[in-house]
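Listed below, chain by chain, are the residues.
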Amino acid sequence: MNEPLIQRHWVALAAPKIAPAVATSTVLILGRIWNANGAEHSTGNAALMIVLAAGAATVGAFASAGRAGDSVIAGTAFATSGGLALAGIAGYADGLPLPLLLWAVATAAAYGIAARYWRTDRRDTVAYERQTTSRREEHGHVERVEALRAGAQIEVARSGTAYAEQLATALITRAALPGFNPQALTDAGLPALPATDTPKEH
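Peer 1: How should the overall build of the protein chain be read in this particular structure?
Peer 2: Helices and strands together make up the secondary structure of the protein chain, namely five helices and zero strands. Burial statistics for the protein chain: of 202 residues in total, 15% are counted as buried. Contacts in the protein chain between residues far apart in sequence, at least 24 positions, make up 62% of those at least 6 positions apart.

Right, here's the structure in full:
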């Protein structure tokens, strides 16, 4: 069983690993751009970001509540809330130390959450590969057994055909010899052979 080999590009392999850092860095950069354009010490802008962050956190809390909570919606809402809070602080603060500190904390938290999903995904991938390998080995074993069985049957049939040909040749040769008596074979319990004209001795 030949299966196509799929080699993923290194960019596709590295993208999930750098995505959390890219996301938090993008929020920090946009927050500082917003700060340079008049958001610094703006109470109205800070209040807006607080309201938006609180609203996103509330959506995440409702999405994760109960047994049938949607983890995807909850995770997205909480990530949005954290991003809005980081952007609000980066836009309101007048210096870089506090935004950079929050950026480091947010990045570490994002990697901590992502690592959990990476472990789950890796576990599922390993389990799938083991099941695939097990099925492939089982199918290969069945194919080998069937091939051996078919070969044995072919060999038995070939041997039976060769024996029948040899027996027929021997009977024909024996019947052509002088003094052959087919009645003796019948008397011995063997099937009767068709009568043949034996050559007469002179």
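Peer 1: How should the layout of surface pockets be read in this particular structure?
Peer 2: Leftover empty space is mapped by rolling, across the atoms, a probe with the size of a water molecule. What the largest pocket holds in volume is close to 690 Å³. Of all the elements in the fold, those that place two or more residues in the lining of the largest pocket are α1 (10-39), α3 (71-92) and α4 (97-175). Counting residues per element, the lining of the largest pocket draws most heavily on α3, which supplies eleven residues. Grouping the amino acids of the lining of the largest pocket by side-chain chemistry returns 16 nonpolar, six polar and one charged.

Peer 1: Honestly, helix α2 (residues 43-64) in this entry has me stumped. Any pointers?
Peer 2: Residue pairs three or four apart in sequence face the same way in an α-helix, which turns once every 3.6 residues. Between its terminal C-alpha atoms α2 stretches 31 Å, which fits the 32 Å expected from 22 residues at 1.5 Å a residue. Within the sequence span of α2, burial applies to Ala46, Met49, Ala53, Ala56, Gly60 and Ala63. Projection of α2 onto a plane perpendicular to its axis shows the buried side chains occupying an angular sector of 120°, all on one side. Residues of α2 that are exposed and point over 90 degrees away from its buried face: Thr43, Ile50, Val51 and Phe62.

Quick notes on the rules
Residues numbered from 1 in each chain as written. Predicted model: local features only at pLDDT ≥ 70, side-chain atom pairs only at ≥ 80, totals over all residues. Heavy atoms only, no water. Helix = DSSP H or I, 4+ residues; strand = E, 2+ residues; numbered from the N terminus. Buried < 20%, exposed > 50% of the residue type's maximum accessible area, 1.4 Å probe, protein only. Contact = heavy atoms within 4.5 Å. 1 Å grid on protein atoms, 1.4 Å probe; cavity = no way out; pocket = protein on both sides within 12 Å on 5 of 7 lines; lining within 4 Å. Points joined across faces, edges and corners; volume = space filled by probe spheres on them. Nonpolar A, V, L, I, M, F, W, Y, C, P; charged D, E, K, R; others polar. Expected span 1.5 Å × (residues − 1). Arc of directions from axis to C-beta.

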